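An overview of the molecular structure
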Amino acid sequence: MRFRKIHGAGNDFVFLSDPAPESDNNWAKEAEQLCARRTGVGADGQVISRLISTNPALIEVACFNADGSTATMCGNALRCTAWLARQDHGLTTMGLLMAGVTHEAVVSDDAVWVTAEVGAVQPRCVQAVINGRPTWFDSAHTGTEHVVAVVADVDSIDTVTVGRLIRHHADLAPLGTNVNFVQSAGSQELRIRTYERGVEAETLSCGSGAVAAVVIATMRGLVARRPVTVHNQAGEPLTVRPHPDRPTRTQWVGGPVTHTFEGVLA
Ligand SMILES: N[C@H](CCC[C@H](N)C(=O)O)C(=O)O
C-alpha cells in the first residue's frame, strides 16, 4: 500500500488515501506500527481519507493517534487532507467529515484553512503547581478535549512532566485531555506548547490546541476576537480567526502544509 508523509506546521502524519474498500485493515494497530519513530514510518498520527462525493466535494477522514487511539478532531490532519485533495482531485474548497462533524476547508497557495467547532468552555477546571506556582487550567472543547494554562514563559515549562500529570488527572478521567501552555506574545499573538494525548508527548504544533488557546486567551482578555497568530514549536505559526457567520461557535485555523516523502509499505 502506498503512503504519503505530510506535516501540518510540524504535526506529522502518515496518509493512506482512498484505500481499497474491501481492505479490512485494523487501522488502530496499523497506526501504532506505522507511527513508531524507530520501527515504523514515524508520525504523530495516521490518517485514512476517502473521497465520498464530488458534488458537493466531501471527504471522509479518520485520524488515529500514534498509540492507536482515535482522534475525534485533528485540525492539522484535516488541513493536510485538504491539501492532498487539491493534489489528487483538484479541489480547493470541500467538506471534511470527521467523527460525524463536517468541517469546511479552503486550500490556497500559501495556506490551508479548516473550521473547528467550539464546544463547552470551563474556567479553572484543574490545577497544577508549575515551577512552584499554583496554576489553573481552563478547558475548551474544540472537537476534542483541551485544557489551557496561561503562563508567563512557555519555555520555562517541563511540558512532558506537567502535561502527563494533567493528562492523567483524576478529575479528567476517563477521557483525559490534551494540555496546552500559552503565553501572550504581543498584540494578537500567542506562543504555545502542547502535550498531546494519544501521542503522549509534546508535538510541534496542534490545530485544535491552537483554537482552544485562542478561545481561552480571548476569554482571559489576552487577545481580541480578531485573527490571532499562534507561534508553535515548529516555527510555523498557525492563524486562528473567527468564522464571520458564527464567530463564537466556529473558528478557522490556517497555516502551511508540507509533503515530505512517500513510499510503499513493505
Ligand atoms: N494535533 C491535532 C489534535 C489531535 C488530538 C488528539 N491528540 C486527541 O485528542 O486524541 C490537531 O492538530 O488538532
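The structure this text deals with has already been given above.
This write-up is about the structure you can find in this document. All values derive from a computational prediction rather than experimental measurement.

Procedures and definitions
- Residues numbered from 1 in each chain as written.
- Predicted model: local features only at pLDDT ≥ 70, side-chain atom pairs only at ≥ 80, totals over all residues.
- Buried ≥ 20, exposed ≤ 12 C-beta atoms within 10 Å, placed from the backbone.
- Helix = DSSP H or I, 4+ residues; strand = E, 2+ residues; numbered from the N terminus.
- Arc of directions from axis to C-beta.
- Contact = placed C-beta atoms within 7 Å.
- Near = placed C-beta within 6 Å.
- Nonpolar A, V, L, I, M, F, W, Y, C, P; charged D, E, K, R; others polar.
- Domains from an automatic or database assignment.
- Pairing = 2+ DSSP bridges.
- Right-handed = clockwise from strand over helix to strand, strands pointing away.
- Core = buried A, V, L, I, M, F, W, Y, C linked by C-beta atoms within 7 Å.

Residues Trp-27, Ala-31, Leu-34 and Cys-35 constitute the buried set of helix H1 (residues 27-35). All buried residues of H1 lie within an arc of 90° about the axis, which places them on one face of the element. In the core, the buried residues of H1 are packed alongside strand E2 (11-17), strand E3 (45-54) and strand E4 (57-65).

This part takes up unusual backbone geometry. The step from Asn-55 to Pro-56 runs through a cis peptide bond, and the omega angle for that step is 5°. Within the secondary structure layout, Pro-56 lies in the loop between E3 and E4. Omega for the peptide link from Ala-173 to Pro-174 comes to 5°, which places this bond in the cis form. Relative to the helices and strands, Pro-174 is located in the loop between helix H3 (159-167) and strand E12 (178-184). Of note, Arg-124 is a non-glycine position whose phi angle comes to about 45°, a positive value. Backbone geometry at Gln-188 places phi at a positive 60°, although glycine is not the residue there. Relative to the helices and strands, Gln-188 resides in the loop between E12 and strand E13 (189-196).

By nearness alone, 15 residues border the ligand, and Gly-75, Asn-76, Thr-144, Gly-207 and Ser-208 come closest of all. Elements that contribute at least two residues to the shell around the ligand include exactly helix H2 (75-89) and helix H4 (207-219). Broken down by class, the residue content of the shell around the ligand amounts to four nonpolar, nine polar and two charged. Both domains that furnish three or more residues to the shell around the ligand are identified here as domain 1 (2-115 + 256-264) and domain 2 (121-253).

With six of seven residues buried, E12 is to be regarded as a mostly interior element. With five bridges connecting them, strand E11 (residues 146-150) and E12 associate as parallel partners. Directly across from Val-148, in E12, lies its bridge partner Asn-180. The β-α-β motif built from E11, the intervening H3 and the parallel element E12 has right-handed crossover chirality. Relative to E13, E12 runs antiparallel, the two sharing six bridges. Looking at the pairing, Val-179 lines up with Tyr-195 of E13. Joining the antiparallel neighbours E12 and E13 is a turn of four residues, in which Gly-186 adopts a positive phi near 110°.

So, on to the nonpolar core. In terms of nonpolar packing, the biggest core is built from 77 residues, with Ala-82, Ala-210, Ala-213 and Val-214 touching the most fellow members. When residues of this core are assigned to their parent elements, the largest contribution, eight residues, is made by H4.

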